Amino acid sequence: FSVQDPSLSDLDQVIARMERRLLGVTAITNVSSDQDRAETQLTVTIDRAAAARLGVSVAAIDTALGSAFAQRQISRIYEAQNQYSVVLTVGAARARTPGDLDHLRVQGSAGPVPLMQVARIVRATAPLQVAHLDGEPSGTISFNLAAGASLGPAVAAVKAAIAAMGLPEDVRVSFGGNAKYFLESLQTEPLLIGAALIAIYIVLGVLYESLSQPLTILSTLPSAGVGALLAFLLTGTPLSVVGIIGIFLLMGIVKKNGIMLVDFALEAERDRGLDPRSAIREACIERYRPIMMTSLAAILGALPLVLSVGTGYQLRRPLGIAVIGGLIVCQALTLYSTPVIYLALAGFGRRRARRIATMPAA
């Protein structure tokens, strides 16, 4: 995560405090930052009283330092075919060590004045680079997950540790990398699931020309989601982004159980005049074997994802666990819950039709 502070010196102190605090969080390890001080820095502190007494301005000191170490361009020489830049510098022999500052002179009211008469040098260390985020100095703290820890609890532990520090209001913390992608996926997951359910409902409503029958098919999805979460819990697998993708894949697989039952029951009612109870009972009997065959095929097809080892198995395993767990629980409940919901919606439709038939004509 990134830490922003308008003051660079305060940022160094805040990051150092955070590093010490996060070392006590058991869910993470290898805490480090990009603020490791590994380079010598010299700070020129101006004695303003001495500078005013000798008639030396701050601009003159800045110009002298810039000309000595920044190689300031002061002119350009033009010829018929070429042009040459004139760069003012003290030369390579006089701009290499801190002691070379003793030879610099700045312009005063009475002539050149040695720099050391109007300033003092403070030696310290500084980071190799200073990053900025949104125009403010920022630093990055990185960490790895401890053995057996998952990203969700680790991010929550880091947030709790930072909140307990009582940071100033102008210090801002924002997660990045894998932590950022994980938090974004959790925030958008309800919207994605809702959009998927709406899309499924619209397609099934158009196919069956009914507003109620798609609800019978969608009733199989909660049991599949519960089964996937139980499988993650029993196997100790964290709910990662790949696991969420597995739940979406599961939504497309488990609908086939409800479609096979509802489609057969509606056809029996329409072609043979059966009542809803007889139609859905016959659908459960006739479609039992196809439902079992398709479910077992999907479970066996996902089994290699769970049992595989080697490079990248961490990405494949949550996908297989979600599919297998969701199908097992959904298969155990579909043949019982789907007929109940089908009959309930059929009874609701008959009562609604009777109320419309008994309403007085306008």
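Everything discussed here concerns the structure shown above.
Residues numbered from 1 in each chain as written. Predicted model: local features only at pLDDT ≥ 70, side-chain atom pairs only at ≥ 80, totals over all residues. Heavy atoms only, no water.

Visitor: Explain the overall build of the protein to me, please; I cannot follow it from the model alone.
Guide: In terms of helices and strands, the protein carries eleven helices and eleven strands. In terms of overall size, the protein is more extended than a compact globule, its C-alpha atoms giving a radius of gyration of 36 Å where 362 residues would be expected to give roughly 21 Å. Its C-alpha atoms give the protein principal-axis dimensions of roughly 115 × 55 × 50 Å. Considering only intrachain contacts with a sequence separation of at least 6, the fraction spanning at least 24 residues in the protein is 70%. On the protein, roughly 21,400 Å² of surface is accessible, and the fraction owed to carbon and sulfur atoms is 60%. Here the protein carries 31 positive and 26 negative side-chain charges, and the mean point of each set is 5 Å from the other. (Helix = DSSP H or I, 4+ residues; strand = E, 2+ residues; numbered from the N terminus. Rg over C-alpha atoms; globule rule 2.2 N^0.38 Å. Contact = heavy atoms within 4.5 Å. Areas by Shrake-Rupley, 256 points an atom, 1.4 Å probe, with all protein chains shown as cover. Lys, Arg positive; Asp, Glu negative; His and termini not counted. Charge placed at Lys NZ, Arg CZ, Asp CG, Glu CD.)

Visitor: It is not clear to me how the environment of S67 should be interpreted in this structure. Could you clarify?
Guide: With respect to the element layout, S67 can be found in helix α3 (residues 58-69). The class of S67 is buried, set by a relative accessible area of 8%. Residues S67 and Q35 lie 32 residues apart in sequence; the distance between their C-alpha atoms is 29 Å. (Buried < 20%, exposed > 50% of the residue type's maximum accessible area, 1.4 Å probe, protein only.)

Visitor: Got a minute to help me understand unusual backbone geometry in this structure?
Guide: Among all residues save glycine, negative phi is the norm, and among peptide bonds the norm is trans. Even without being glycine, N30 reaches a positive phi, approximately 55 degrees. Mapped onto the secondary structure, N30 falls in strand β2 (residues 28-33).

Visitor: Is there a simple way to think about the packing of helix α8 (residues 241-272) against helix α9 (residues 276-286) in this case?
Guide: For any two helices packed against each other, the geometry is given by the interaxial angle and the distance between the axes. Relative to each other, α8 and α9 sit at 130 degrees, their axes nearing to 8 Å. In terms of orientation, α8 lies oblique with respect to α9. In this structure, α8 meets α9 at a crossing whose hand is right-handed. Where α8 approaches α9, its residues L261, F264, A265, A268, E269 and R272 are matched on the opposing element by P276, A279, I280, E282, A283, C284 and E286. Grouping the amino acids of the contact of α8 with α9 by side-chain chemistry returns nine nonpolar, no polar and four charged. (Axes fitted to C-alpha atoms, helices over the stretch in contact; angles between N-to-C directions. Parallel < 35°, antiparallel > 145°, perpendicular 65-115°, else oblique. Left-handed = near helix turned anticlockwise from the far one by under 90°. Nonpolar A, V, L, I, M, F, W, Y, C, P; charged D, E, K, R; others polar.)

Visitor: Help me understand the pairing of strand β4 (residues 72-78), please; the structure alone is not making it clear to me.
Guide: Along a regular strand, successive side chains alternate from one face of the sheet to the other. Bridge count for β4 against strand β5 (residues 83-88) is six bridges, and the pairing is antiparallel. Directly across from R76, in β5, lies its bridge partner S85. Connecting β4 to the next strand, β5, in antiparallel fashion are four residues. (Pairing = 2+ DSSP bridges.)

Visitor: I tried to follow a nonpolar patch on the surface on my own but got confused; where do I start?
Guide: On the surface, L296, L300, L303 and L307 cluster together into a nonpolar patch covering about 400 Å² of accessible area. In this structure, L300 sits in helix α10 (residues 288-307). (Patch = residues over 30% accessible without salt bridge, like charges linked within 9 Å, V, L, I, M, F, W, Y side chains within 5 Å. Salt bridge = Lys/Arg side-chain N within 4 Å of Asp/Glu carboxyl O.)

Visitor: Whenever I open this one, the pattern of salt bridges confuses me. Can you help?
Guide: When the charged atoms of two side chains with opposite charge come close together, those side chains can pair. Enumeration according to the criterion identifies one salt bridge in this entry. Linking E282 and R272 is a salt bridge whose minimum nitrogen-to-oxygen distance equals 3.0 Å. Placement of E282 in helix α9 and of R272 in helix α8 is noted, with a sequence separation of ten residues between them. Among the residues examined, E282 registers a relative accessible area of 23% and is labelled partly exposed. Residue R272 is classed as partly exposed on the basis of its relative accessible area, which comes to 48%.

Visitor: I would appreciate a short explanation of α9 in the present structure.
Guide: For an α-helix, the turn length of 3.6 residues means that residues three or four places apart are oriented alike. Within α9, burial applies to P276, A279, I280, A283 and C284. Down the axis of α9, the buried set is contained in an arc of 135 degrees. They therefore lie on one face. Facing away from the buried side of α9 by more than 90 degrees, the exposed set consists of R277, R281 and I285. Capping the start of α9 is the job of one residue whose side-chain oxygen sits 3.2 Å from the backbone nitrogen of R277: D275. (Arc of directions from axis to C-beta. Polar contact = N/O pair within 3.5 Å; in protein donor to acceptor, adjacent residues only side chain to side chain.)

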